[in-house]
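Topology and contacts: notes
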Amino acid sequence: MTTTTHNSTAATLDLDAVRAEFPILQQQVHGKPLIYLDSAATTQKPQCVIDAVRAYYECDNANVHRGVHTLSQRATDGYELARDKVRSLLNAKDRAEIVFTRGTTEAINLVAQAWGRTNLREGDEILITHMEHHSNIVPWQLICEQTGAKLKVAPVTDTGELDLGGFKSLLSDRTKLVACVHVSNALGTINPVETLTRLAHDAGAVMLIDGAQATPHLKIDVQAIGCDFYACSAHKMYGPTGIGALYGRRELLELMPPYQGGGEMIKSVTFEKTIYNDLPHKFEAGTPNIAGAIGFGAAVDFLNRIGLDRIAQHERELLDHGMSLLDQVEGLTQIGRAKEKAGAMSFILEGMHPYDVAPILDYAGLAVRDGHHCTQPLMERFGVTATLRASLGVYNRREDLDALIEAIERARKMLV
Ligand code: PMP
């Protein structure tokens, strides 16, 4: 498995050195040292990313692809170098297959609209799963409304794994696209994306993977997975907000019409006819998030320097520690016990609403998410409206999880 293996021979992480790279972690909240356990919502940013964005604005700021002047060339070089770094991180074959977007959400909307409008007809089906984030549900509902295609939903088991039998039974020659999350943000489940891609392709469908929660935790190889589209967000990968990427297989991107019209995405415009630009610029209308892309590139450098194999191993150990501690808390139920899991622990507490617990945890300096995590259908599947979610980043320590359990115990004494 190219995407889920944890390299046991990897040298261990120098955690103090890693933590020292994150200025935000050196603060107190309500008089207590900040313990950040909300990386699934967004990761904190290392100094190298902050510096890259700052250096761009201080030294190189100019618009890209337009001017011959030195600053414009520097900005263009920085922006395009970031594309090369993302290509390499995802192991795409060709840099033209990496389209910068605002993030995962925009990447999925781009495919839903640009691919969907030309390829979907009444009676066609799109298959998603019950564990999708809203951003991998709503764009498909929109294109279904526009084209008459139907949305099908593959079931999830009680342990929070995809029901593979159920998934297979919903695939047919009517299925034109399968869209599936790689790592669930609410449960942490790692889906077997290579297998799902093979099944989708065998049925003649195109495969899109929502990689928002996978790219910070796992080594990704889009060629080994074999998928047609892969979406990610820089801000979940220690990079800036407002930038992300869509990997799309060149043959498919070539055939897709533009997503938005404007500057950058054209070769020539007359009132009679517009010739579109080459890939990937055809999908990047308007002035892009140049600083964001450069920060994204710095975040990719950070991930490579620490090593995704080491990150995965460190986080797996933390996950095991955290899950076994949570199991010892009276009245606590963990939701999502998949064998293959990364990043997130979701749980509910008997007699306590997550909305009441989260502020108590905050008062102890703990940043933990409460709510439906933009997965309302999944919450409904488990019979809850919300969970508490502790999610991990490379900077977390075992002590962070010990502190979480202590704070939960305190909350229980206060609320029950
Ligand atoms: N998919 C998953 C699994 C996510 O966790 C998120 C972010 N919470 C998204 C999609 C959307 O990402 P973004 O808001 O960065 O576009």
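The preceding data block contains the structure.
All of the points below concern the structure found in this document. (Residues numbered from 1 in each chain as written. Predicted model: local features only at pLDDT ≥ 70, side-chain atom pairs only at ≥ 80, totals over all residues. Heavy atoms only, no water.)

Notes on unusual backbone geometry
Look at the link from Leu279 to Pro280: it is a cis peptide, with omega at 0 degrees. Within the secondary structure, Pro280 is located in the loop between β12 (274-276) and α10 (290-306). Look at His30: it is not a glycine, yet its phi comes out positive at around 50 degrees. One non-glycine residue with positive phi stands out, namely His65, at about 60 degrees. The class of His65 is partly exposed, set by a relative accessible area of 32%. (Helix = DSSP H or I, 4+ residues; strand = E, 2+ residues; numbered from the N terminus. Buried < 20%, exposed > 50% of the residue type's maximum accessible area, 1.4 Å probe, protein only.)

Observations regarding a nonpolar patch on the surface
Together, Met414, Leu415 and Val416 make up a nonpolar patch on the protein surface, roughly 320 Å² of accessible area in all. The residue Val416 is located in the segment after α14 (398-415) in this model. (Patch = residues over 30% accessible without salt bridge, like charges linked within 9 Å, V, L, I, M, F, W, Y side chains within 5 Å. Areas by Shrake-Rupley, 256 points an atom, 1.4 Å probe, with all protein chains shown as cover. Salt bridge = Lys/Arg side-chain N within 4 Å of Asp/Glu carboxyl O.)

Focus: the sheet that holds strand β16 (residues 369-371)
Strand order in the open sheet formed by four strands is β13-β14-β17-β16, and the pairing between neighbours is antiparallel. At either end of the open sheet lies a strand with only one pairing partner, and these are β13 (332-335) and β16. Across the sheet, the axes of successive neighbouring strands diverge by a mean angle of 30 degrees, strand direction being ignored. When β16 meets strand β17 (residues 387-391), the two strands line up antiparallel, connected through three bridges. (Pairing = 2+ DSSP bridges. Axes fitted to C-alpha atoms, helices over the stretch in contact; angles between N-to-C directions.)

Describing the sheet that holds strand β10 (residues 244-248)
For sheets, the rule is that strands pair by backbone hydrogen bonds, running either parallel or antiparallel. Reading across the sheet, the seven strands line up as β4-β10-β9-β8-β7-β5-β6 and stay open at both edges, with mixed pairing between neighbours. Every other strand in the sheet has two partners, leaving β4 (98-101) and β6 (150-154) as the edge strands with one partner each. Adjacent strand axes in the sheet meet at a mean angle of 20 degrees, parallel and antiparallel pairs treated alike. With three bridges connecting them, strand β8 (residues 206-210) and strand β9 (residues 229-233) associate as parallel partners. Note that in β9 the partner of Ile209 across the bridge is Tyr230. Against the sheet, helix α3 (residues 70-90) touches β4 and β10, its axis set at about 115 degrees to β4. (Contact = heavy atoms within 4.5 Å.)

Concerning the site of the ligand
Close to the ligand lie Thr104, Thr105, His133, Ser135, Val181, Asn185, Asp210, Ala212, Gln213, Ser233, His235 and Lys236. For the ligand, an oxygen atom lies 3.4 Å from a polar atom in the backbone of Thr104. His235 is positioned with one of its side-chain polar atoms (N or O) 2.7 Å from an oxygen atom of the ligand. Relative to its unbound accessible area of 400 Å², the ligand is 85% covered by the protein chains. A breakdown of the residues in the shell around the ligand according to their chemical character gives two nonpolar, eight polar and two charged. (Near = heavy atom within 4 Å. Polar contact = N/O pair within 3.5 Å; in protein donor to acceptor, adjacent residues only side chain to side chain. Nonpolar A, V, L, I, M, F, W, Y, C, P; charged D, E, K, R; others polar.)

Topic: the packing of aromatic side chains
Taken as a whole, this structure holds nine aromatic pairs when the rule is applied. Summarising the aromatic geometry, the rings of Phe22 and Phe302 are spaced 5.6 Å apart at their centres and angled 85 degrees between planes, so their arrangement reads as edge-to-face. With Phe22 in the loop between α1 (15-20) and β1 (28-29) and Phe302 in helix α10, this pair connects stretches of sequence that are 280 residues apart. For the ring pair Phe22 and Tyr395, a centre distance of 4.8 Å and an interplane angle of 75 degrees mean the geometry is edge-to-face. Here the residue Phe22 occupies a position in the loop between α1 and β1, and Tyr395 occupies one in the loop between β17 and α14, the gap between them amounting to 373 residues. Tyr395 shares its class with Phe22; the two are buried. Taken together, Phe22, Tyr36, Tyr238, Phe302 and Tyr395 form an aromatic cluster joined through their ring pairs. For Arg381, the ring lying beneath its charged end belongs to Phe382, and the centroid distance is 4.8 Å. (Phe/Tyr/Trp six-rings, centres within 6.5 Å; stacked < 30°, edge-to-face > 60°. Lys NZ or Arg CZ within 6 Å of the ring centre and 35° of its normal.)

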